[in-house]
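Remarks on the overall topology
So you can see what is in the structure, the chains are spelled out below.
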Amino acid sequence: MALHTVQVGEARPGSDGKPSAGPVYRCVYAEDGLTQVPSALNCPWDFLCGSVTRYPRNPMLGEREIVDGSAGQYAWQTYEQVYDEAIQVGSAMRERLVNPGDRCGIYGTNCPKWVIAMEACNSHGICYVPLYDTLGAHAVEFIINHAEVSIAFVQESKLSSILACLPKCSSHLKTIVSFGEVSQAQEKEASQLGVSCFSWKEFSSLGKTTVILPPKGKEDLCTIMYTSGTTGDPKGVRLTNGAVIAQVVNTELLLKETDKVATEEDSYFSFLPLAHVFDQIMENYCIYKGASVGFWRGDVRYLMEDVRELKPTIFCGVPRVYDRIHASVLEKLSAGGALARRLFQYAYDYKLKNLKRGLKQDEAAPLFDRLVFNKIKQVLGGRTRILISGAAPLPEKVEEFLRVATCSVVIQGYGLTESCAGCFTSISNVFSMMGTVGVPATTVEARLESVPEMGYDAVSSTPRGEICLRGTTLFSGYHRRPDLTASVVDDEGWFHTGDVGEWLPNGAMKIIDRKKNIFKLSQGEYVAVENIEAAYAQCPIVAAIWVYGNSFESFLVGVVVPEKAALEGWAAANGLSCGGFHSLCENQKTRDYVLEELDKTARAHQLKGFEMVKAIHLETAPFNIERDLITPTFKLKRAQLLKYYQSRVDQLYEEGKDRKRG
């Protein structure tokens, strides 16, 4: 390999039951050493302290004012105002006997008070724990108990949910603070279980304006973030102050390479969940630079309206959002005249050619940027200059479109909660990285480890294997689960991600598989496909099922081998005669019926919405060894199933999209 990575360690031959591992690589920008935490920074609180000193009256946190039920302009709190409020809230926490090292839950959609609560925790070395219910109905209760959360800041609309948890977790949780108001009935309900419930204003008044803040260290715990990466209960990923700081500094170093670092003049649009590490790192970076953070209203119907009102310069999204923008622009172009389409295509091809030659975004086609692409730029408010994509792979056609037509630097990355967000990132001006996740971040070393049972060899001429990481942003273990930690961190300190990658000759990494059958959908949700298949197998109409998810898509599809007798019995009872079992399985009424039965089974087994298949093919022949679809022990051969049913899978995705549009 060459160009954008450097080798800093030798390959390891396989021995003593360990598979072979390839050479160790770093980003070329970290050739002389991984990014370290600057000595002046001890915890993320120092980001706010530095910016409030430099830019006290800069707008920091903003949300749209609601007047007579309508959203108006963004109203802002300055750095000075946020700092003072965080000090007050942090002091109130100490008055409630929440001490450094204790755990504080934060539960709600992105808003200024979410960040203020986080900063209040940071100011006193209190570990904050995001609470969210997308991991399942009982996730909030589990996290409160597992992390021993003693105080929780809660969005007003989520108060009823948190109160419902109290009978099973009030032994830990003693204080609830609403982002807004609290009714007398809610206060009484909490009080009966020994829990105090405050409005935001009431709680803030408990604090002192002048307090002595405790010292905080780089090795101290900053946050515990729960993730659903595997089966069973959520896992608490422990991230230190040092890991968060190093990731923020890494973000600055990588943006320097594009001449696009954030400044105090920038604004960031916050809509990706603050409960996830991606948005938290971006907001910490903006705070570090003195930039402004504007929040969406929390309703996807008004997402683009909020964007156009804020006019952000920095926008982070998941592929699903960018795919919608791409599709919307193409639809408008298709509806326009032939002359407009030809002009757009000419401008697009001209700029793409110059970008591939290595010209920077501002130099590739300035005239066409003004005359043609400026209209597309207005979709995101007209001021964006940095677009970042994460959580799932960005389709190449969409990435190319964004690079050409939005007049912005486009960066795609790959990361995990365990790596404190990005551990690989593309280099914005290098077109050969299209379709990859780029090179290692400046905070990590990376290597591939062979996966013999899947045929992946990390030391072959085309190195492929499980991606392994170590460095300054890696987590310090799973909370209260040393067994889980030991299962993914080996005795040399390498974290085994479970993702299978391939090194390309230019030093970029391409994700090609999962070592275990767990993957992400395009909106960033993890899916444990074997668990889903096990649930669906309980459906009386199902003899066998293969569930498939494409990381470029937002939903699952499946191939079902139905129970012949059960299906024919249903058909007879419903007067459906189709001339044989094959014809019966091709009938749309039959497919709709089987999908309804699968939905009933999914709900009975408490599958989440994104875990439910949205389109199915009915297969009359069992999965068998003759077609190479199963192993001799009857396990599904997923790669072969995809190859065998590829054309049908493509059709199912089109059907699923049509059904959603309808």
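Here the structure is shown first, and the text comes after it.
Report on the accompanying structure. Everything numeric here is computed off the predicted structure, so don't read it as measured data.

1. A few points about the sheet that holds strand 16 (residues 409-416)
In space, the 9 strands of this open sheet follow the order 4-3-13-12-14-15-16-17-18, with mixed pairing throughout. Taken across any chain shown, the strands that pair with only one partner, and hence form the sheet edges, are strand 4 (70-78) and strand 18 (439-440). Relative to strand 16, strand 15 (residues 386-389) is paired through 4 bridges, and the arrangement is parallel. Residue pairing across strands places L387 opposite V410, the latter belonging to strand 16. Set on the sheet, helix 10 (residues 303-310) makes contact with strand 3 (59-67), strand 4, strand 12 (267-270), strand 13 (292-295) and strand 14 (314-317); between it and strand 4 the angle comes to about 50°.

2. A look at the packing of aromatic side chains
Overall, the coordinates contain 30 aromatic pairs when judged by the stated rule. A ring pair is formed by F315 and Y322, whose centres lie 5.9 Å apart and whose planes are at 70°; its orientation type is edge-to-face. For Y322, a relative accessible area of 0% gives the class buried. Ring geometry for F555 and Y653: centres 5.0 Å apart, planes at 55°, overall tilted. Residue F555 is located in the loop between strand 25 (542-549) and strand 26 (556-562), and its partner Y653 is located in helix 21 (residues 638-661); the two are separated by 98 residues in the primary sequence. Take F555 and Y653: they sit in the same class, and that class is buried. Among the aromatic side chains, those forming a connected cluster through ring pairs are W546, Y548, F555, F623, Y644, Y645 and Y653. Stacked on the ring of W200, the Lys or Arg K113 has its end atom at 5.6 Å from the ring centre.

3. Looking at the nonpolar core
In this structure, M93, F153, F373, F424 and L469 are the most contacted members of the largest nonpolar core, which totals 126 residues. Formed by 32 residues, the second largest nonpolar core is a distinct cluster that contains A535, I545, V560 and A602.

4. Comments concerning the pairing of strand 10 (residues 221-227)
With 7 of 7 residues buried, strand 10 lies mostly within the body of the structure. Direction of pairing for strand 10 relative to strand 11 (residues 235-240): antiparallel, over a ladder of 6 bridges. Residue pairing in the sheet places T223 in a bridge with L239 of strand 11.

5. Comments concerning the sheet that holds strand 27 (residues 613-618)
In spatial order, the strands read 25-26-27; together these 3 strands make up an open sheet with mixed pairing. Taken across any chain shown, the strands that pair with only one partner, and hence form the sheet edges, are strand 25 and strand 27. Within this sheet the neighbouring strands show an average axis-to-axis angle of 25°, counted without direction. As judged from the 5 bridges shared by strand 26 and strand 27, these two strands associate in the parallel manner. When the bridges of strand 27 are listed, L556 appears paired with V613. In the packing of helix 17 (residues 529-536) onto the sheet, the strands contacted are strand 25, strand 26 and strand 27, and the crossing angle to strand 25 comes to about 150°. Taken strand by strand, helix 20 (residues 588-604) contacts strand 25, strand 26 and strand 27, and its axis lies near 130° from that of strand 27.

6. Here we look at the packing of helix 12 (residues 338-356) against helix 15 (residues 396-405)
Helices that pack against each other are described as a pair by the angle of their axes relative to one another and the distance between those axes. At their nearest, the axes of helix 12 and helix 15 sit 9 Å apart, and the two run at 95° to each other. As summarised for this structure, helix 12 and helix 15 are arranged roughly perpendicular, according to the angle between their axes. Where helix 12 abuts helix 15, its residues F344, Y348, K351, L352 and L355 lie against E400, F401, R403 and V404.

7. A few points about helix 11 (residues 319-335)
Given a rise of 1.5 Å per residue, 17 residues ought to cover 24 Å, and the 24 Å separating the end C-alpha atoms of helix 11 matches this to within 8%. Turning to helix 11, its buried residues are P319, V321, Y322, I325, H326 and V329. When helix 11 is viewed along its axis, its buried side chains cluster within an angular range of 170° and face the same direction. Every exposed residue of helix 11 that faces more than 90 degrees away from the buried side is listed here: E331, S334 and A335.

8. Quick word on the side chain of K351
Positionally, K351 belongs in helix 12. Classification of K351 as buried rests on a relative accessible area of 0%. One polar contact links the side chain of K351 to the main-chain carbonyl oxygen of V404, over a distance of 2.9 Å. Beyond its immediate sequence surroundings of up to four residues, K351 is in contact with Q361, A364, A365, D369, F373, R403, V404 and C407.

Rules and cut-offs
Residues numbered from 1 in each chain as written. Predicted model: local features only at pLDDT ≥ 70, side-chain atom pairs only at ≥ 80, totals over all residues. Heavy atoms only, no water. Pairing = 2+ DSSP bridges. Helix = DSSP H or I, 4+ residues; strand = E, 2+ residues; numbered from the N terminus. Contact = heavy atoms within 4.5 Å. Axes fitted to C-alpha atoms, helices over the stretch in contact; angles between N-to-C directions. Phe/Tyr/Trp six-rings, centres within 6.5 Å; stacked < 30°, edge-to-face > 60°. Buried < 20%, exposed > 50% of the residue type's maximum accessible area, 1.4 Å probe, protein only. Lys NZ or Arg CZ within 6 Å of the ring centre and 35° of its normal. Core = buried A, V, L, I, M, F, W, Y, C linked by side-chain atoms within 4.5 Å. Parallel < 35°, antiparallel > 145°, perpendicular 65-115°, else oblique. Expected span 1.5 Å × (residues − 1). Arc of directions from axis to C-beta. Polar contact = N/O pair within 3.5 Å; in protein donor to acceptor, adjacent residues only side chain to side chain.

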